[in-house]
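# Coordinate analysis (summary)
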Amino acid sequence: MSFLATIDQDGAIRLPEDFLQRSRLAPGMQCWVEQRDSGLLLLARRPDLQKLYIEPTTACNLRCHTCIRNVWQDPEVHMEMSVFEQLVEQLSAFPELRRVVFSGLGEPMYHPHFLDMVRLVQARGVAVTVGSNGVLMERALARELVALGVDRLVISLDGIRPEIYSGVRGTAVATVLDNIRGLNEVKRELGSLTPALGIEFVALRSNVAELAELSSLASHLGAARVLVSNVLAYTDEMYQEILYGYGPCPGFAASGWPVKADAWVMWGTVDLPRMHWGAEQRCRFVHDRAAVVGWDGSVSPCYALSHNYSYLTIDGRRKYVTRYSMGMITEQLLLDIWTSAVYSRFRDEVRDFRFPSCPDCDLRDSCSLREQNQACWGWNPSCADCLWAQDIIRCP
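It should be emphasised that the depicted structure is a prediction, and the values quoted were computed from it without experimental measurement. (Residues numbered from 1 in each chain as written. Predicted model: local features only at pLDDT ≥ 70, side-chain atom pairs only at ≥ 80, totals over all residues. Heavy atoms only, no water.)

### A few points about the overall build of the protein chain
Along the backbone of the protein chain there are 11 helices and 16 strands. Within the structure as shown, the protein chain displays about 17,900 Å² of accessible surface, and the carbon and sulfur contribution to it stands at 51%. (Helix = DSSP H or I, 4+ residues; strand = E, 2+ residues; numbered from the N terminus. Areas by Shrake-Rupley, 256 points an atom, 1.4 Å probe, with all protein chains shown as cover.)

### Considerations on the packing of aromatic side chains
One pass over the structure, following the stated rule, counts 11 aromatic pairs. On the numbers, 6.1 Å between centres and 35 degrees between planes, the contact of Phe 84 with Phe 102 is tilted. Taken as a pair, Phe 84 in helix H2 (residues 81–89) and Phe 102 in strand S6 (residues 99–102) lie far apart in primary sequence, 18 residues in all. Judged by relative accessible area, which is 0%, Phe 84 ranks as buried. What makes Phe 102 buried here is its relative accessible area of 0%. With 5.8 Å between their ring centres and 80 degrees between their planes, Phe 285 and Tyr 303 make a pair best called edge-to-face. You can see Phe 285 sitting in helix H9 (residues 284–287) and its partner Tyr 303 sitting in the loop between strand S13 (298–300) and strand S14 (309–312), a full 18 residues away along the chain. With respect to burial, Phe 285 and Tyr 303 carry one shared label: buried. Clustering of aromatic rings is evident, with ring pairs tying together Tyr 53, Phe 285 and Tyr 303. Just above the ring of Trp 338 sits the side chain of Arg 347; from NZ or CZ to the centre is 3.8 Å. (Phe/Tyr/Trp six-rings, centres within 6.5 Å; stacked < 30°, edge-to-face > 60°. Buried < 20%, exposed > 50% of the residue type's maximum accessible area, 1.4 Å probe, protein only. Lys NZ or Arg CZ within 6 Å of the ring centre and 35° of its normal.)

### Concerning the environment of Gly 125
In this fold, Gly 125 is placed in the loop between helix H3 (114–122) and strand S7 (127–132). Taking relative accessible area as the criterion, Gly 125 reaches 69% and is therefore assigned exposed. On a C-alpha basis, the gap between Gly 125 and Ser 92 in space is 10.0 Å, while along the polypeptide they are 33 residues apart.

### Points about the pairing of strand S10 (residues 223–230)
Most of S10 is tucked away, with 6 of its 8 residues classed as buried. When strand S9 (residues 196–203) meets S10, the two strands line up parallel, connected through 7 bridges. Opposite Leu 197, over in S10, you have Ala 223 as the bridge partner. Once the chain exits S9 it traverses helix H7 (residues 211–220) before rejoining the sheet at S10, and the crossover so formed is right-handed. (Pairing = 2+ DSSP bridges. Right-handed = clockwise from strand over helix to strand, strands pointing away.)

### Observations regarding the nonpolar core
In terms of nonpolar packing, the biggest core is built from 114 residues, with Leu 52, Phe 84, Phe 102, Leu 157, Phe 285, Tyr 309 and Phe 346 touching the most fellow members. If one sorts the elements of this core by residue count, helix H6 (residues 173–190) sits on top with 6 residues. Once you skip the residues sitting within four places of it in the chain, Phe 285 turns out to touch Tyr 53, Ala 290, Val 292, Pro 301, Cys 302, Tyr 303, Trp 388 and Cys 395. (Core = buried A, V, L, I, M, F, W, Y, C linked by side-chain atoms within 4.5 Å. Contact = heavy atoms within 4.5 Å.)

### Overview of the environment of Leu 227
The topology assignment puts Leu 227 in strand S10. Since its relative accessible area comes to 3%, Leu 227 is described here as buried. Note: C-alpha distance between Leu 227 and Val 270 (43 residues apart in sequence) is 6.2 Å. Look past the residues within four positions of Leu 227 in its chain and what remains in contact with it is Ile 199, Glu 200, Phe 201, Asp 271, Arg 394, Cys 395 and Pro 396.

### What to know about the side chain of Gln 281
On the secondary structure map, Gln 281 appears in the loop between strand S11 (270–271) and H9. In this structure Gln 281 comes out as buried when scored by relative accessible area, which is 16%. Engagement of the side chain of Gln 281 in a polar contact is seen with the side chain of Gln 390, the distance being 3.5 Å. Apart from residues lying up to four places away in sequence, Gln 281 is in contact with Phe 353, Ala 384, Ala 389 and Gln 390. (Polar contact = N/O pair within 3.5 Å; in protein donor to acceptor, adjacent residues only side chain to side chain.)

### Describing unusual backbone geometry
Along the chain, Thr 194 connects to Pro 195 via a cis peptide bond; the corresponding omega equals 5 degrees. Relative to the assigned elements, Pro 195 resides in the loop between H6 and S9. Between Asn 380 and the following residue, Pro 381, the backbone shows a cis peptide bond with an omega angle of 5 degrees. Turning to its location among the elements, Pro 381 is positioned in the segment after helix H11 (341–352). In this model, Arg 289 sits at a positive phi of 55 degrees, which is unusual for a non-glycine residue.

### Quick notes on the sheet that holds strand S8 (residues 152–156)
Taken in spatial order, the 10 strands of this open sheet run S11-S10-S9-S8-S7-S6-S5-S12-S13-S16, and their pairing is mixed. Each edge of the open sheet carries a strand with a single partner, namely S11 and strand S16 (327–328). Bridge count for S8 against S9 is 5 bridges, and the pairing is parallel. Paired with Arg 152 across the two strands is Ala 196, which belongs to S9.

### Focus on the confidence of the model for the protein chain
Scored by pLDDT, the protein chain comes out at a mean of 89, with 86% of its residues at no less than 70. Here residues 250–255 is modelled with pLDDT under 50, and outside its nearest four sequence neighbours on either side it reaches 6 contacts, counting other chains as well. Predicted confidence is poor over residues 261–267, with pLDDT under 50, and the contacts of this stretch with residues over four places away or in other chains come to 14 contacts. (pLDDT = per-residue confidence, 0-100.)

Structure below.
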């Protein structure tokens, strides 16, 4: 695209009206200008955040075999209410904000003021999703969630048979199922259709056969959706459980799944992940205009970069990830962080996915950059072999 710009005496660049209309740049709107080999890149400073993930706590009531706690050294603490209140006060700066998701790498309901947090967000007129393991959702808490108007509730359910579920979560599946049924009873008592129930299933070699029964159970429980994710292998034990790879696993169906699709896809609510590395890469966090606010008020662009940890890549290499913070809401306004030059440029890089494809590289076995979440070109920290961008790992 070519256009003629005018530079005023004060050095300001004035763009022609027809270009402004085509590019959604309104007169007076501020832009970051980045020079590239192909020319100047304009990045508008728009308050267009639409989805905000909030991590109320990094602590949890369970110790799952699939969890990041097996390899991380971050503290297990609750978000202070003063930090949360600062955050909520800043939400009005985002006219397009549609949803707040209480989730993260801790159990939201474990926070002592969890309901107060939900109440403060609801008062702002923003839809609320809660992601939970469901163990703490006893009848009184379920009643509060319904009364507060929580829009969606996503419960992790990684098995139906007691021995399969407890093998992953270390607790009784009956507790979770009883709590879900209790929630449904409360919804009927109060005449409410919300929160809509979703189920998240982390697929492993040891539990994938449960999917057929899970879809049937989900239907009986009134779940609107079953979101299936693969496991991110934090440990060698979990790497032996992965179902994904460079291509369909031996002995699996062409779809990559070792169960018959007609047993459960016919229900129409099971949402499956990709099962092998592909050329198409797309970050849902950037596409959905989402950000993650951690327990301490730190703003990260996604879950993958929100903590310090290590995991095993698709080809079994140990990768060490360092938390990538765009700023702290206790020191800057969330609006200023979201519209900053570094965050705007990061989103642009990820939107076009200007990263190498490390798992396809001929030098992947000898390259040490991957071990530190770096790459030989493109933005660093690198999204080069991000399993979220491959839609192999998924979040609500």
